Amino acid sequence: MMFWFSIGTLLGGSLIFFSRYARRPAGIQNDGIVFGQLTARGVFGWILGVVFTGFYVVLYWFPQALEHLVRMFDSLSHALRGRTADQWFLYSFFYTFAVIVMGVRAILRYRHVRYQIVRTISVVFFQLGFAFLIPQLMQLLNEPELYFSYFWPLDYDLLWPSTISDLFSSSGRLGAFMVIWGAILTFIATPVLTYFFGKRWYCSWVCGCGGLAETLGDPFRQLSSKSLTAWRVERWMVHGVLAFVVLSTALLWLNAAFGGAILGGLSGSLSRTYGFAIGAVFSGVIGVGFYPLMGSRVWCRFGCPMAAILGLLQKYFSRFRITTNGGQCISCGNCSKYCEMGIDVRWYAQRGQNIIRASCVGCGVCSAVCPRGVLKLENAPTTGRYNGPVLIDRDQVSVITDEWPS
């Protein structure tokens, strides 16, 4: 009874607070985000960052501190999966609850753009159905806790020999289906869908990490660094993680093929190292804990191997681009400010140049906040995709020259 009262109070209070967006005219209002104590790395922002980070630290390494809170979820856990709750059920519930509540906020805030409404409904649907309800119900049926919206390389061990062996031996046909499902999504669906729609089909429409970033992280999207240094670090880090996942997967298969002669007992250490450093510290503690300090896409931008491989496909083998009508640009900078991936969108808009970046997740907020309708997300033939600057660039005009006109 106390559980449902607490959840109802939290849900009702949140919706009443966010109803302020519904009372305003549709359209983007900045709401002083660059000055707020919460949204501009002020005191409240730092406090919230400590709270988020502390929650992940306790969740991963001191779960006993959450025991009383976990017990409040026993009734719901029994109803969904037939067993008592643990810290991971608690985490899944909070994660999904945040996506739903903040998803309502995002829909109200961006209700003047149909793309944003449909995209937000999509991330809520996949999180609630594919990343929360289905995995719990699978456990109720005494099956493995499977997540159908995560696959290799984001689900880094899905295609490892040990995981495939476990799925086949413990789950029979369902395990075989999961392996085939993951392989199809990884090697067929990913390149095909990225070719037609860019990486946005996954990063901004399906992925749970992206769903949390687009909902809970939306108030902090403007905090992402647009500096050249951040872009260089981003490229090295995200592709480094991808290389680690690819090499470790290849090594594990070679090790299995040679009967363990290559890695010996190190295969287990490899899995634990990645799980701790990347799966727990990077994606959890830093990826979400640093929302109020570094923006909403820290993990997606600097660490996600799935985002890395989708980005390479998007840059070189995709029909997706953001076109710019540079003649209408007034250089207000809203597009760059709200870009959660740290792209200086205005630089492209001022030159009338198509935006084709590996890091762009196609959230479309840059277009939604543009007061002049300069930006448009498009899927079109690849011919002429890289168009170069259309307008006169500042480097093309010499106001002061040493040459005296003849």
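The preceding data block contains the structure.
Here is a short report on the structure shown in this document. (Residues numbered from 1 in each chain as written. Predicted model: local features only at pLDDT ≥ 70, side-chain atom pairs only at ≥ 80, totals over all residues. Heavy atoms only, no water.)

1. Some details on the overall build of the chain
The test is simple: Here a strand is any run of E in DSSP of at least two residues, a helix any run of H or I of at least four, and the numbering for each starts at the N terminus. The quantity called the radius of gyration is restricted to C-alpha atoms. Its globule counterpart is 2.2 Å times the number of residues to the power 0.38. For every residue, the accessible area obtained with a 1.4 Å probe (protein chains only) is divided by the maximum for its type, and the residue is called buried under 20%, exposed over 50%, and partly exposed between those limits. Pairs of residues are marked as contacts when any of their non-hydrogen atoms sit within 4.5 Å. Residue exposure ignores everything except the shown protein chains as possible cover, and the areas themselves are Shrake-Rupley values with a 1.4 Å probe. Residues scored as positive are Lys and Arg, those scored as negative are Asp and Glu, and His as well as the terminal groups of each chain are ignored. A charged residue contributes its charge at one atom only: NZ of Lys, CZ of Arg, CG of Asp or CD of Glu.
Across its full length, the chain carries 18 helices and 2 strands. By the compact-globule yardstick of 22 Å for 406 residues, the chain fits well, its C-alpha radius of gyration being 23 Å. Its C-alpha atoms give the chain principal-axis dimensions of about 85 × 55 × 35 Å. Among the 406 residues that make up the chain, the fraction classed as buried is 48%. For the chain, restricting intrachain contacts to residue pairs at least 6 apart in sequence, the fraction spanning at least 24 positions comes to 76%. Surface summary for the chain: the accessible area is close to 19,800 Å², and the carbon and sulfur share equals 68%. Across the chain, 33 positive and 19 negative side-chain charges occur, with their mean positions spaced 6 Å apart.

2. A short note on the nonpolar core
Going by this rule: In this text, buried Ala, Val, Leu, Ile, Met, Phe, Trp, Tyr and Cys residues form a nonpolar core when linked through side-chain atoms within 4.5 Å.
Core analysis: the largest hydrophobic core is formed by 64 residues, its most contacted members being L154, Y202, I322, V345 and L375. The residues touching I322, leaving out its near neighbours within four places in the chain, are Q353, N354, I355, C360, C366, L375, K376 and L377. In this structure, Y56, L59, A85 and M102 belong to the second largest nonpolar core, which totals 35 residues.

3. Some details on a nonpolar patch on the surface
Our working definition: Put simply, a patch holds well-exposed residues, over 30% relative accessible area, that have no salt bridge, with like charges counted together within 9 Å and Val, Leu, Ile, Met, Phe, Trp or Tyr side chains within 5 Å. Salt bridges are defined by distance alone: a side-chain nitrogen of Lys or Arg within 4 Å of a carboxyl oxygen of Asp or Glu.
On the surface, I180, I184, F187, I188, V192, Y195, F196, F197, L312, Y316 and F317 cluster together into a nonpolar patch covering about 1,100 Å² of accessible area. Those elements that provide at least two residues to the nonpolar patch are α8 (173-197) and α15 (305-316). Ranked by the residues each element gives to the nonpolar patch, the list is headed by α8, at 8 residues. As for its position among the elements, I184 is in helix α8. Given the relative accessible area of 41%, I184 is considered partly exposed.

4. Some words on the state of the cysteines
What makes a disulfide is a covalent bond joining the sulfur atoms belonging to two cysteines. To keep it simple, the criterion reads: Throughout, a disulfide means two cysteine sulfur atoms within 2.5 Å of one another.
Following the criterion strictly, the structure yields 0 disulfides and no others. Distance from the sulfur of C329, which forms no disulfide, to the nearest cysteine sulfur (C335) is 6.3 Å. Here C329 falls in the partly exposed class, since its relative accessible area comes to 22%. Among the cysteines around C339, which has no disulfide bond, C363 carries the closest sulfur, lying 6.6 Å off. On the basis of relative accessible area, C339 is assigned to the buried category, the value being 12%.

5. What about α15?
Applied cut-off: What a helix should span is 1.5 Å times the count of its residues minus one.
The end-to-end C-alpha separation of α15 is 17 Å, in line with the 16 Å expected for 12 residues at 1.5 Å each. P305, M306, A307, A308, L310, G311, L313 and Q314 are the residues of α15 that are buried.

6. Focus: the packing of aromatic side chains
Basically, it comes down to this: For Phe, Tyr and Trp, where Trp contributes only its six-membered ring, two rings pair if their centres lie within 6.5 Å, and the inter-plane angle classes them as stacked under 30 degrees, edge-to-face over 60, or tilted in between. Geometrically, a charge over a ring is one whose NZ (Lys) or CZ (Arg) sits within 6 Å of the ring centre while staying within 35 degrees of the ring normal.
Within the structure shown, the criterion is met by 29 aromatic pairs. Centroid distance Y195 to F196: 5.0 Å. Interplanar angle 80 degrees. Geometry classified as edge-to-face. A cation sits over an aromatic face here: R235 above W231, 4.1 Å from the ring centre.

7. Here we look at α8
Short version of the rule: Working definition for bend: take the seven residues up to and ending at a residue and the seven starting at it, fit an axis to each, and measure the angle between the axes.
At A189, α8 is bent by approximately 45 degrees, the largest bend along its length, and proline P191 sits one to four residues beyond. In the segment just after α8, G198 is the residue with positive phi, at about 75 degrees.

8. Notes on the packing of helix α11 (residues 228-257) against α15
Note the threshold: Axis lines are fitted to C-alpha atoms, over the contacting stretch for helices. Their N-to-C directions set the angle, which ranges from 0 to 180 degrees. To sort the angles, those under 35 degrees are grouped as roughly parallel, those over 145 as roughly antiparallel, those from 65 to 115 as roughly perpendicular, and the leftovers as oblique.
Between α11 and α15, whose axes approach to 8 Å, the crossing angle comes to 105 degrees. Here α11 lies roughly perpendicular to α15, going by the angle between them. Taken together, the residues of α15 that come into contact with α11 (itself represented by V238, H239, V241, L242 and V245) are P305, A308, I309 and L312.

9. With respect to the pattern of salt bridges
When the charged atoms of two side chains lie near each other, side chains of opposite charge can form a pair. Within this structure, the stated rule accounts for 14 salt bridges. One salt bridge in this structure joins R71 and E67, with 2.3 Å as the shortest N-O distance. In this pair, R71 and E67 both sit in helix α3 (residues 67-71), 4 residues apart, roughly one turn of the helix. Among the salt bridges present, the one from R71 reaches D74, with a minimum N-O distance of 2.8 Å. With relative accessibility at 32%, the residue R71 sits in the partly exposed group.

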